[in-house]
Amino acid sequence: MRAFVKLHAEGDGFVPPSTNDFNLPPITESIAWLTKPVLLVFLSVILVSVFFILSSRKAAVVPSKLQFAGESIYGFVRNDLARDVIGHEFMRFVPYLFTLFTFVLTNNIFGIVPFLQFPAMSHVAFPYVLAIFSFGVFHYVGIQKHGIIKYLKEIAFMPGVPKPVYILLTPIEIATFFLVRPLTLSLRLFANMFAGHLLLLVFIMGGDYMMHDSHLIMKLFSPFSFAFGIALTFFEFMVQCLQAYIFTLLTALYIAGALADEH
Amino acid sequence: MTGTLNLVGFGLSAIGPAIATGMIFAAYINGVARQPEARSVLQPIAFLGFALAEALALFGLVLAFVL
Amino acid sequence: MTHEPSNRREENALWSIFGYLVSGLLFWGGIGWAADHFFGTTYLVLIGLLVGMGGALYLVWLRFGRE
């Protein structure tokens, strides 16, 4: 039932970007795990730490510009994400949510910073680990609040349903809470970063190829490709901020759901 | 370039649910904007409509891989 | 829940609906697919998908549709 199509591009020169462009070689031959994304993750940790230590070290009533910048990010996460979503117990989760937001945001924005230009989250392992952390946090919180038996019962058994229907519904509920939620959380971030980076590669590499082509028409249209690539870079910036926000927001929503007394 | 035509079919079939979801939420936003107190009445209807449209889209996605 | 703006509730509901639909299709469709491989038939996967979608829609109605 599978129909395969074969398309051949005209000529043979242009190689479209593929998943191979994401498998970067190690920086030094001797250390196999030290690739560019790993280095960028380390860099992001250092950058985030240094920025927030500097901005909060000399805290004053009249804030300096640096302190204002740091505090507005912190205030955004604390008020708009944690307090509005989780409710009165929110202070416990602010450190986790804040770390998550700044870490994901910094790593995403590395995708469009010149010379770095690689979003580490386009390697699926990084979002997986973050989702496993969030998964652990929200189940731990729910179990701590309700006790393990009541918590699992609340997840698996919907009230107000005739007994035989549970055979149909309980597997779906369990699959939602233990499989689909962490999976969609990580895959959404991964897919957005992967597709965004690929999109930029297509237009920039295409523009480069067209510029070096022998036809005059190709040369003429090459600047349009570059211009579109630049416009998409701004679009990517928006997507990167949005994805960091959504990842944190969904984690907060799941925590709020685990804390809620009843659904 | 090789690939399966199923995914082209899925792309075409996803247009329908996409338009449907857009229309559902356009109507919902319109209704709530005109009459904010009707929100609690409209919300379940909007969610059910969204669920039905989304179910068709996901059904298409799964069938594109299964068939 | 001391204060929870209702637009947050809506966002939560949309992603929950999506999760229910995906897991319903995956779980019962997966069982149908496995049964197909086991018995050598081809129609069980379709039945599984329909059952999963029906169950997921019923769950969405239970959680978000009724007053």
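Keep in mind that what you see is a predicted model, and the values were worked out from it rather than measured.

Conventions we followed
Residues numbered from 1 in each chain as written. Chains lettered and ligands numbered in written order. Predicted model: local features only at pLDDT ≥ 70, side-chain atom pairs only at ≥ 80, totals over all residues. Heavy atoms only, no water. Helix = DSSP H or I, 4+ residues; strand = E, 2+ residues; numbered from the N terminus. Rg over C-alpha atoms; globule rule 2.2 N^0.38 Å. UniProt positions renumbered as here; feature names shortened; annotations may be inferred. Salt bridge = Lys/Arg side-chain N within 4 Å of Asp/Glu carboxyl O. Buried < 20%, exposed > 50% of the residue type's maximum accessible area, 1.4 Å probe, protein only. Contact = heavy atoms within 4.5 Å. Buried area = accessible area lost by both parts, 1.4 Å probe. Polar contact = N/O pair within 3.5 Å; in protein donor to acceptor, adjacent residues only side chain to side chain. Nonpolar A, V, L, I, M, F, W, Y, C, P; charged D, E, K, R; others polar. Core = buried A, V, L, I, M, F, W, Y, C linked by side-chain atoms within 4.5 Å. Phe/Tyr/Trp six-rings, centres within 6.5 Å; stacked < 30°, edge-to-face > 60°. Lys NZ or Arg CZ within 6 Å of the ring centre and 35° of its normal.

Before we move on, could you go through the overall build of chain A and cite the residues and values that matter?
Check the secondary structure of chain A and you find 7 helices and 1 strand. Written out in order from the N terminus, the α and β elements of chain A read β-α-α-α-α-α-α-α. Taken against the 2.2 N^0.38 rule, which gives 18 Å for 263 residues, the C-alpha radius of gyration of chain A at 23 Å runs more than 25% over that of a compact globule. The dimensions of chain A, computed from C-alpha atoms along their principal axes, are 70 × 65 × 40 Å.

Pulling in residues and values, what's your account of the UniProt feature "transmembrane region" (unreviewed entry) in chain C?
Mapped onto the present numbering, the UniProt feature "transmembrane region" (unreviewed entry) falls at residues 12–35 and 41–61 of chain C. Within the segment residues 41–61 of chain C, helix and strand shares are 86% and 0% respectively, and the terminal C-alpha atoms sit 32 Å apart.

Mind laying out the pattern of salt bridges, listing which residues take part and the relevant values?
Residue and element names in this part refer to chain A. Within this structure, the stated rule accounts for 4 salt bridges over all chains. In this structure, Lys 145 engages Glu 89 in a salt bridge whose closest nitrogen and oxygen atoms are separated by 3.6 Å. Here Lys 145, found in helix 4 (residues 125–146), pairs with Glu 89, found in the loop between helix 2 (65–86) and helix 3 (94–109); they are 56 residues apart in sequence, far enough to count as distant. For Lys 145, a relative accessible area of 39% gives the class partly exposed. Residue classification places Glu 89 among the partly exposed residues on the basis of a relative accessible area of 26%.

Quick rundown of the environment of Leu 57 of chain C? Include the residues and the values.
Note on placement: Leu 57 of chain C falls in helix 2 (residues 44–65). Separated by 17 residues in the primary sequence, Leu 57 of chain C and Gly 40 of chain C place their C-alpha atoms 29 Å from one another. Excluding residues within four positions of it along the chain, Leu 57 of chain C makes contact with Ala 51, Leu 52 and Ala 55 of chain B together with Leu 21 of chain C.

Lay out the side chain of Gln 240 of chain A with the relevant residues and their values.
By the secondary structure assignment, Gln 240 of chain A is in helix 7 (residues 216–259). With residues up to four places along the chain from it excluded, the contact list for Gln 240 of chain A reads Leu 105, Asn 108, Ile 109, Gly 111, Ile 112 and Met 193 of chain A.

Pulling in residues and values, what's your account of the side chain of Gln 243 of chain A?
For Gln 243 of chain A, the position within the fold is in helix 7. In this structure, Gln 243 of chain A is in contact with Asn 108, Arg 188, Leu 189, Asn 192 and Met 193 of chain A, ignoring residues within four places of it in sequence.

I'd like a rundown of the interface of chain C and chain B, residues and numbers included.
Across the contact, 22 residues belong to chain C and 18 residues belong to chain B. Of the roughly 1800 Å² buried where chain C meets chain B, counting both sides, 80% is carbon and sulfur surface. On the chain C side of the contact with chain B, Glu 10, Leu 14 and Leu 49 of chain C bury the most area, a combined 25% of that side's loss. In this assembly, chain C and chain B are joined by 0 salt bridges. In this assembly, chain C and chain B are joined by 0 residue pairs in polar contact (both at pLDDT 80 or more). For the side of chain C that touches chain B, the element with the highest residue contribution is helix 1 (residues 6–39) of chain C, accounting for 11 residues. Here the side of chain C that touches chain B is built from residues that sort into 16 nonpolar, 3 polar and 3 charged.

Talk me through the nonpolar core; I want residue IDs and the actual numbers.
In this structure, Ile 86 of chain A together with Ile 17 of chain C are the most contacted members of the largest nonpolar core, which totals 73 residues. Top element by residues in this core is helix 7 of chain A. It accounts for 12 residues. Counting 6 residues, the second largest nonpolar core, distinct from the first, contains Leu 40, Phe 110, Phe 190 and Phe 194 of chain A.

Tell me about the packing of aromatic side chains, and please be specific about residues and values.
One pass over the full model with this rule turns up 21 aromatic pairs over all chains. Each ring, one from Phe 22 of chain A and one from Phe 194 of chain A, has its centre 4.4 Å from the other, and the planes form 25°; the classification is stacked. Of this pair, Phe 22 of chain A sits in the loop between strand 1 (4–6) and helix 1 (36–57) while Phe 194 of chain A sits in helix 6 (residues 166–211), and the two are 172 residues apart along the sequence. In this pair, the class of Phe 22 of chain A matches that of Phe 194 of chain A, namely buried. If you follow Arg 181 of chain A out to its NZ or CZ, it ends over the ring of Phe 177 of chain A, 4.4 Å from the centre. A cation sits over an aromatic face here: Arg 188 of chain A above Trp 15 of chain C, 3.9 Å from the ring centre.

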